[in-house]
Amino acid sequence: MKYLTRQEELILLSIFHLKGKAYLVTIRKHLMELTGKNWSIGAVYVPLNRLHQTGYLDTTIGEPNAKRGRNSIKYYRLTKKSFEALEEIKKVSDTAWMGFSKVAYNISDCR
Amino acid sequence: MIQKGSKPPRFATWLLKGIFPKDEKFYLTGDLKEIFREIQVEESRFSAWRWYWSQVFTSIPYFFFNVILWRIVMFKNYLKIAMRNIRKHKGYSFINIAGLAIGLAAVILILLYVQFELSFDRYHEKAGRIYRVAGERVGSERPSSVMPAPLAPAMMAEFPEVVSATRFYDLNNVYISYGDKNFFEDKFFFTDPETFDMFSLELVKGNPRTSLSDPYSILLSESMVEKYFGNEDPMGKTIIFRGTHDFKVTGILKNMAENSHFTMNFVVPFEAIPKINRRYDPESWGAFSFNTYFLLRENADPDALEEKFLPLLEKYIGKDVSKEIRIFFQPLTRIHLHSNTTGEISKTADIRIIILLSSIAFLILVIACINYMNLATARSVHRSREIGVRKVIGANRSHLIKQFLGESMVLTMLALVLAIAIAVIFLPYFNSLVGRNLNLNILQNRQFLLWLFVLVGFVGLFAGSYPALTISAFKPAIILGNRFGGLKRSMIRNVLVIIQFMISIILIFATLVVKDQLDFIRNKDMGFERDRIIVVDIRNRSIRNNLDTIKNELERNPNILSVSSSYFLPNLTDMATLANWPGQLKERKQEIYLNFIDEDFVDLYSIEIVQGRNFSRDFPSDSKGAFLLNQTAVKAIGWESAPGKELTHYIGRRTGKIVGVMKDFHMNPLHQQIMPLCYDLNPGSANMALSVKIGGNHIQQVVPFIRETMARFSPNYPFEYRFFDDIFDAAYRLERKISVIFSLFSLLAISIAGLGLFGLTSFTTEQRTKEIGIRKVLGATISRIVLMLSKEFTKWVLIANIVAWPVAYFAMNRWLQSFAYKINIGLLTFVLSALAALIIAGLTVSYQAFKAARTNPVEALKYE
């Protein structure tokens, strides 16, 4: 199967954590809190859109809120496909990361 | 809650919306707005604002490569195809562009004129608050715009809403001299200093407040300074008014714009009037001779002020007179087009002419647009493949509509360039036609530029819409399946051709009626002689005082048959007063027109006397007061026999005996009825015109003789003469102008329509080449084929006639109502207008038909 990029992985995980309240603004905020870095809108929107088009995400249209005027909200939900993909990633990375711990994390050893 | 004013910049939002994909637009703007607000709350308004704009800037590269680039590519393709089509079918493109260009050129010229006429007096900064006082006397035909002299000061004193008021008294034909330069000058104004507060007049030199403080000071316009002083400095120099009064130049007035209803060449203070005319009483409310303007306070209501006028008049003029006058105000900007009062400073224009011209321009434009529509739809058959391919590749209807509208825009633009060139070439001719000095400086004339854009947009959309809608509706399967035999004969296209010819026929009809009426005027027996009469103005005291001697001197010349002086000439009697006679009922008021003449006038103009006798030197009693009346006057008064009766009129309060009755003649232009008229024998001081009747064809010898004779009595007199015939014609100048305009533009209309028809027929015959070939092979004669091809077009023209006739008839009948004496629109006019349209249509159609019918059928049938 095709591996997801790190960005896509993080976005999918954010949507998972946001539990049905995931849309562009909240996803971006979550990512910024998570990574401590600035994410531009494009950096969130482009992979988000791609994921939606490739079937990793479902969307529902929600009612607008006071903050955004009359413009309605597009919520994202994970599909079965994305759960499978995330699980796969977790399995692969868990295996790959085996044996790597804080104890082993020493600058002199790394050389 | 969200605070007020926390919206993202609207312009940036608009830009961003253009970039977003269509189906995501709403969510994304909402998302952006939300983030914008968050930043605003957490940081500051400015950083939110900065962030929002940075989103716009960072997306510019994306926008350029993904949106604009593709649009440019498509646009280039459309343009290329359009240009290819123009080049490939040069003939049709020429007809299309030429028709549009001629139409547009006509519209440009007319718009230029209309713009100028509408701009009158608008350049004064306070134009919106300036009004002129006008009044209407009960029972009089025309209102008057001249008021008594004390009115302006009284208005300023009595009405708080009047900021300032001023008076004009203008003289024409004033004899002005400086050094060895003597001229008769027009536009000589007496006025108050308030004029300079109210109107936007500029002084190049001098102070508007103080320049006119001395009664003998004068302001000259720049052009007059150049005429009299050349390069000399005029300030402080003295010029002489009528040879009697010295005026010192105290200022120079910037030349006034042409679009003013008054232009001033000489300005002197109002206080100079009593110095020049001893009989003038500045306090008199009886002399209505001064144009009075006032500046209204801001937000004041002119209607309310009008109401206050009756008490004012009652206070100063008295109850009797004020009952008979109704005062009203004319806004400054409406004077030029809407006012036609007596006492007008310059000849005003007529809004009806403006409307007439604009509608002609519009009609011509419609004809040109229809040309385009017809040719474009007819020719779309040739482009059916292109349209089919575009549709198959994925163009939807809106793309095609855009493409064809764009194409018509491109053509209109090309036509516009050509039209401007045509307009520039014909501008001098047009200028002389409308009597204006217009120039086509588009870049400096912003408003006109805007009009042109609107025009191109309108024409492009209007002309392009019908072809765009029909062509884009083609079904690709049918077009590409090669079963596309030919476009069905479209009903709409027939209707459009009928409309074109209808408009042409209306214009031809109007031309014929105007021409008939002018011929009628020209040939109508006016009741007086018009040929071989020279008129010399009497404007100089030394000539007026020696009138009898001059007459005798002139009559010595064998080529001069007769000489006579008068106040008016017989074709225009513009003075009316009231008449009284013994035995008149007290309530009875009789208006009577008046002219002062001498003994020879009636004979010189061959006016017929039907009862009694002419004035004569053989009856010394005539000099104590003698009148001639016309038949209408006698009838109006109700006398059985007029000679011997006594009459008094109120100009100079003169009483006299009636010596004879004149046959009715047209003492005013044919617009007006013949009115009661009185000729008063008064060869004295007031007469203005000297008529000289010349025998044979010796005009060339006689004119120098008259000049020399006059010069003996007044050496500096600038001699000018006119032919009475020309003066007579001048009264119908407007009608002649209308006649020229109509013939010109109806010619234009019919030629554009003909051009369109030519294109259309050449196309339809081309479509039927094979049919014609087969018919010929089967034995059809050329004449049969020509008949077959022209039958349809003839039908259209005939239908157009039926629609056009009633419209034209009613419109022209209304125009004729402005004449008291007019023609009846005859059957011939109907027939001629129909015939003209038929002949033009017939010629264009049969040319094509002949060409098609004469081709060898082999040529038509060999490809299959």
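Keep in mind the model is a prediction, meaning the values are calculated, not measured.

Caption draft 1: Region of the structure containing the overall build of chain B. Check the secondary structure of chain B and you find 30 helices and 23 strands. Radius of gyration (C-alpha) of chain B: 36 Å, far over the 29 Å computed for a compact globule of 864 residues. Its C-alpha atoms give chain B principal-axis dimensions of roughly 105 × 95 × 60 Å. Put simply, chain B has 864 residues, and 51% of those count as buried. Contacts in chain B between residues far apart in sequence, at least 24 positions, make up 79% of those at least 6 positions apart. For chain B, the separation between the mean place of its 100 positive charges and that of its 78 negative charges on side chains is 12 Å.

Caption draft 2: Seen up close, helix α5 (residues 90-118) of chain B. Between its first and last C-alpha, α5 of chain B extends 40 Å over 29 residues, near the 42 Å set by a 1.5 Å rise per residue. By the criterion of burial, α5 of chain B is predominantly enclosed, with 24 of the 29 residues buried.

Caption draft 3: Molecular detail of the nonpolar core. Formed by 132 residues in total, the largest nonpolar core has its most connected members in Phe501, Tyr605, Ile607, Tyr679 and Phe745 of chain B. Setting aside anything within four residues of it in sequence, one finds Ile607 of chain B in contact with Gly527, Phe528, Phe601, Val602, Met662, Phe665 and Tyr679 of chain B. The next biggest cluster of nonpolar side chains, apart from the first, holds 40 residues, and it includes Tyr23, Leu24 and Ile89 of chain A together with Leu28 of chain B.

Caption draft 4: Seen up close, the interface of chain A and chain B. In this complex, chain A contributes 18 residues to the contact, which on the side of chain B involves 17 residues. Both faces considered, chain A and chain B share a buried interface measuring about 1,600 Å² in area, 55% of it formed by carbon and sulfur atoms. Where chain A packs against chain B, one counts 1 salt bridge. The residue Lys29 of chain A makes a salt bridge to Glu38 of chain B at a minimum N-O spacing of 3.8 Å. Breaking the side of chain A that touches chain B down by element, the ones donating at least two residues are α2 (24-35), α3 (41-53) and β2 (73-78) of chain A. At 4 residues, α2 of chain A tops the list of elements feeding residues into the side of chain A that touches chain B. Among the residues forming the side of chain A that touches chain B, the class breakdown is 8 nonpolar, 5 polar and 5 charged.

Caption draft 5: Summary view of the packing of helix α28 (residues 782-816) of chain B against helix α29 (residues 827-854) of chain B. Residue and element names in this part refer to chain B. Remark: α28 packs on α29, axes separated minimally by 8 Å, with the N-to-C direction vectors making an angle of 155 degrees. Our classification of the angle between α28 and α29 gives roughly antiparallel. Remark: the crossing between α28 and α29 carries right-handed chirality.

Caption draft 6: Summary view of unusual backbone geometry. Residues and elements named next belong to chain B. In the Ramachandran plot, Lys187 falls in the positive-phi region, its phi being about 60 degrees despite a non-glycine side chain. Structurally, the position occupied by Lys187 is in the loop between β4 (181-185) and β5 (188-191). Judged by relative accessible area, which is 36%, Lys187 ranks as partly exposed. With a phi angle near 50 degrees, Ser606 is a residue other than glycine that sits in the positive phi range. When you line up the elements, Ser606 lands in the loop between α22 (601-604) and β17 (609-612).

Caption draft 7: Local environment of the confidence of the model for chain A. Within chain A, residue pLDDT values average 82, and 88% of them lie at 70 or more. Averaged pLDDT values for the elements of chain A fall to 49 in helix α5 (residues 107-110) of chain A and rise to 90 in α2 of chain A.

Caption draft 8: Quick look at the environment of Ile752 of chain B. All names here are of chain B. With respect to the helices and strands, Ile752 occurs in helix α26 (residues 733-767). A relative accessible area of 0% places Ile752 in the buried class. When the C-alpha positions of Ile752 and Leu100 are compared, they lie 8.3 Å apart, and in sequence the two are 652 residues distant. Apart from the residues within four sequence positions on either side, Ile752 is in contact with Gly99, Ile102, Gly103, Ile364, Ile367, Ala368 and Asn371.

Caption draft 9: Main features of helix α3 (residues 45-58) of chain B. Counted at 1.5 Å a residue, the expected span for α3 of chain B with its 14 residues is 20 Å, and the 20 Å between its end C-alpha atoms agrees. Among all positions in α3 of chain B, only Ser47, Ala48, Trp51, Tyr52, Trp53, Gln55 and Val56 of chain B are buried.

Caption draft 10: Quick peek at a nonpolar patch on the surface. All names here are of chain B. A cluster of nonpolar residues, Leu827, Leu828, Val831, Leu832, Leu835, Ile839 and Leu843, forms a patch on the protein surface that exposes about 700 Å² of accessible area. Within the secondary structure, Leu843 is located in helix α29. The class of Leu843 is exposed, set by a relative accessible area of 58%.

Caption draft 11: Structural context of the pairing of strand β7 (residues 217-221) of chain B. All names here are of chain B. The element β7 is largely enclosed, with a buried count of 5 among its 5 residues. Every second residue of β7 is oriented toward a common face, with Ser217, Leu219 and Ser221 on one face and Ile218 and Leu220 on the other, all of them buried. Pairing geometry for β7 and strand β9 (residues 245-253), over 5 bridges, is parallel. Pairing of Leu220 across the sheet is with Ile252, part of β9. Summarising the sheet, β7 and strand β10 (residues 266-269) pair through 2 bridges and their orientation is antiparallel. Bridging from a neighbouring strand, Leu220 pairs with Phe266 of β10.

Parameters at a glance
- Residues numbered from 1 in each chain as written.
- Chains lettered and ligands numbered in written order.
- Predicted model: local features only at pLDDT ≥ 70, side-chain atom pairs only at ≥ 80, totals over all residues.
- Heavy atoms only, no water.
- Helix = DSSP H or I, 4+ residues; strand = E, 2+ residues; numbered from the N terminus.
- Rg over C-alpha atoms; globule rule 2.2 N^0.38 Å.
- Buried < 20%, exposed > 50% of the residue type's maximum accessible area, 1.4 Å probe, protein only.
- Contact = heavy atoms within 4.5 Å.
- Lys, Arg positive; Asp, Glu negative; His and termini not counted.
- Charge placed at Lys NZ, Arg CZ, Asp CG, Glu CD.
- Expected span 1.5 Å × (residues − 1).
- Core = buried A, V, L, I, M, F, W, Y, C linked by side-chain atoms within 4.5 Å.
- Buried area = accessible area lost by both parts, 1.4 Å probe.
- Salt bridge = Lys/Arg side-chain N within 4 Å of Asp/Glu carboxyl O.
- Nonpolar A, V, L, I, M, F, W, Y, C, P; charged D, E, K, R; others polar.
- Axes fitted to C-alpha atoms, helices over the stretch in contact; angles between N-to-C directions.
- Parallel < 35°, antiparallel > 145°, perpendicular 65-115°, else oblique.
- Left-handed = near helix turned anticlockwise from the far one by under 90°.
- pLDDT = per-residue confidence, 0-100.
- Patch = residues over 30% accessible without salt bridge, like charges linked within 9 Å, V, L, I, M, F, W, Y side chains within 5 Å.
- Areas by Shrake-Rupley, 256 points an atom, 1.4 Å probe, with all protein chains shown as cover.
- Pairing = 2+ DSSP bridges.

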